[in-house]
Amino acid sequence: MPTPPLKKEKIETARKYITQARLLGFEAGGTPSDVMVSRDAYVTATGKKMPLRTWRAWVTAADKTPPPDEPTDLVQIEPINQEWDSEGRQALVDHMSTRFKRREEIAKQRTWRKVYIKKEGPIGICWLGDPHVDDNGCNWPMLREHCELITATEGMFAATVGDLSNNWIGRLQRLWADQDTSKESARALVKWLMHDAGLPWLIVLLGNHDAWDPELVRSMCETNKIWLEDWQARFELHFPGGRTSRIHASHNFKGHSMWNTLHGHQKAAHMSSEAHLYIAGHTHNWALHQEESASRGFVYWLARCRGYKFIDDFADKLGHFSQAEGASIVSVFNPEAKTESAFLQCFSDVEVGADYLTWLRTKRK
Ligand SMILES: [Fe+2]
Ligand SMILES: [Fe+2]
């Protein structure tokens, strides 16, 4: 009498334990030991005893019976191959190499960028300290007076070390409520300074306040063709007679000392490239210092402008005293000077700096 076929459920049970045995690395149903493993797994899981002969019959039946069809998906979405092929990877490496070379070249040009002065004789740069034009404490009468002095003095250029406006963003937006000037008025004041005041701009640096949302200053510089740099610039003035002067201007220099306002500047002078002038703003206090490095053989100035924020509630709360002078620093270059120390002179009083420049220019006529 032929053996009756096994029931579907038994075949499926055998298939399940064969799969487990295969996961353990056995070819269940192949050798006797594989059949043992799948049977032992069944016995362990169910607690039911199973004679080896019976289990072998189950395994044989499962091997001979094709598995039921997998359920068919109603939708099949074509897979996307996101991997780069070797040709694509090579093209990417080529592109990255070309891009790096270009950026390296731009970085080189930016370091000690050459600025050719077309005007003969001495010139001056008035470094406007942090203007913060929309702040309640901005000393507008002084700022206007200084702008007028710059435009009225032959050979004087304007520059700023940044923080043109408060430009509150993010969590600091609540501070708009503490100032009389709206965002719209603040933009108008920046535009006045950068365009309407008629200043002969040499360079504008972005300070931390400007960098929070630099769109306004960027667009103003683009419109008026003003040279803009983010935070710092290192450039070289080339005068008509061939003399050159290096300037390292930065919103601030790294390094701080409670006893030396120019500590970060001095660090830059000693630890980076030589320049005739290291100038910054940011901390809302001013200082000037001229020195000669005997070992390295160069004469240099360290300068910090105070800026125009003359009423500062925040500083008052911290117990800081407010300086009354040095809002801007004027640097006067005399390319015809006989000595290095006379080649560049700096002034904490804009009017005196302007007068000195005018005197130098008049003297050579
Ligand atoms: Fe700042
Ligand atoms: Fe500032």
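Right, let's walk through the structure included here.

Thresholds applied
- Here, residues in each chain are numbered from 1, in the same order as that chain's written sequence.
- All chains are assigned letters beginning at A, and all ligands numbers beginning at 1, according to the order in which they are written.
- Local features in this predicted model are restricted to residues of pLDDT 70 or higher, and side-chain atom pairs are both shown and tallied only at a pLDDT of 80 or more, whereas totals for entire chains, interfaces and linings draw on every residue.
- Strands here mean DSSP runs of E at least two residues long; helices mean DSSP runs of H or I at least four residues long; both are numbered from the N terminus.
- As a rule, residues whose C-beta atom has 12 or fewer other C-beta atoms within 10 Å are exposed, those with 20 or more are buried, and those in between are partly exposed; C-beta atoms are placed from the backbone.
- Any two strands between which DSSP finds at least two bridges are classified as paired.

### Describing unusual backbone geometry
A positive phi angle is found at His 132, which is not glycine, with a value near 45°. Within the fold, His 132 resides in the loop between strand E2 (123-128) and helix H5 (140-152). On the neighbour-count criterion, His 132 (27 C-beta atoms within 10 Å) is buried. For His 284, which is not a glycine, the phi torsion comes out positive at approximately 60°. The residue His 284 is located in the loop between strand E8 (277-280) and strand E9 (287-293) in this model.

### Thoughts on the pairing of strand E10 (residues 298-304)
Summarising burial for E10: 5 of the 7 residues are buried, a large majority. Inspection of the sheet shows E8 paired to E10 by 4 bridges, in the parallel sense. Bridge pairing in E10 places Ile 279 opposite Ala 303. Here E9 runs beside E10; their pairing, made up of 7 bridges, is antiparallel. When the sheet's bridge partners are listed, Ala 287 is paired in E10 with Arg 304. Linking E9 back to E10 in an antiparallel pair, the connection comprises 4 residues, with Gly 297 at a positive phi of about 70°.

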